[in-house]
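Structural description and commentary
Listed below are the residues making up each chain.
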Amino acid sequence: MSANNSELGAASPTQNAQVKAPIDVQGIVKRATELNDFGHLLEHVPYAKFIGMKVERFGDELIFKLPAKDDNIGNPVLPAIHGGVIAGFMEMSAIVQLMVFMQTAKVPKVVDFSIDYLRAGLHKDSFAECRITRQGRRVANVNIDCWQTNRKQLIATARAHFLID
């Protein structure tokens, strides 16, 4: 009695090799912009989903939101959001800002990211706003401000440089 691999439940070599089609970044960004639903864009970013990141558009501005989430706490005594989560949220906000306003075909790559923590990010909703300060053919500079209850009382500010080529 003979049996081939598929009858035994073993995968053939071609089934083992997972081939993923490249993600159509430009198509996703275009669709999110047309629908004015940037949650569609964030659904394709695992880290954004993990931290619970959201985004709303108000005219020509995007405001990013990091909802209070127990998994994002780094200091349970205060409790305060982990600094890495704040930095990741701000960096991801800048990337999405560039993708939306430049209608990029590729995800921008971080060249440099510098953050200043100004006060503890307490266990509350946090918000971020990005300003593209310089955009060249290959590099873009973005300033990011992050606050919680008052836009004038920042919890962190950052500067980022991205390769957009």
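All values derive from a computational prediction rather than experimental measurement. (Residues numbered from 1 in each chain as written. Predicted model: local features only at pLDDT ≥ 70, side-chain atom pairs only at ≥ 80, totals over all residues. Heavy atoms only, no water.)

As a further point, take helix H3 (residues 25-35). For H3, the full list of buried residues reads Val25, Ile28, Val29 and Ala32. For H3, the angular spread of buried residues about the axis comes to 95°, placing them on one side. Where H3 is buried, its residues contact helix H4 (39-42) and helix H6 (83-102). After H3 finishes, the residue Asn36 shows a positive phi value of roughly 55°. (Buried < 20%, exposed > 50% of the residue type's maximum accessible area, 1.4 Å probe, protein only. Helix = DSSP H or I, 4+ residues; strand = E, 2+ residues; numbered from the N terminus. Arc of directions from axis to C-beta. Contact = heavy atoms within 4.5 Å.)

Let us look at the pattern of salt bridges. Counting across every chain of the model gives four salt bridges. The salt bridge involving Asp145 is made with Arg131; its shortest N-O contact spans 3.2 Å. Residue Asp145 is found in strand E7 (residues 139-147), and its partner Arg131 is found in strand E6 (residues 126-135); the two are separated by 14 residues along the sequence. Judged by relative accessible area, Asp145 falls into the buried class, the value being 15%. A residue is classified by how much of its surface remains accessible, and Arg131, at 37% relative accessible area, is partly exposed. (Salt bridge = Lys/Arg side-chain N within 4 Å of Asp/Glu carboxyl O.)

Core analysis: the biggest nonpolar cluster contains 39 residues, and Leu41, Met53, Phe64, Phe89, Met90, Ile144 and Phe162 have the highest contact counts within it. With eleven residues, H6 is the largest single contributor of residues to this core. Apart from the residues within four sequence positions on either side, Phe89 is in contact with Tyr47, Ile51, Met53, Phe64, Lys65, Leu66, Ser126, Phe127, Ala128 and Cys146. (Core = buried A, V, L, I, M, F, W, Y, C linked by side-chain atoms within 4.5 Å.)

This brings us to the sheet that holds strand E2 (residues 61-66). One open sheet holds the six strands; their spatial order is E1-E2-E6-E7-E8-E5, and the pairing between them is antiparallel. A single partner strand is all that each edge strand has here, and the edge strands are strand E1 (54-58) and strand E5 (109-117). For this sheet, the mean inter-axis angle between neighbouring strands, taken without regard to orientation, is 25°. By the bridge criterion, four bridges tie E2 to E6 in an arrangement that is antiparallel. Within E6, the position partnered with Leu66 by the bridge is Ser126. In the packing of H6 onto the sheet, the strands contacted are E1, E2, E5, E6, E7 and strand E8 (154-163), and the crossing angle to E5 comes to about 130°. (Pairing = 2+ DSSP bridges. Axes fitted to C-alpha atoms, helices over the stretch in contact; angles between N-to-C directions.)

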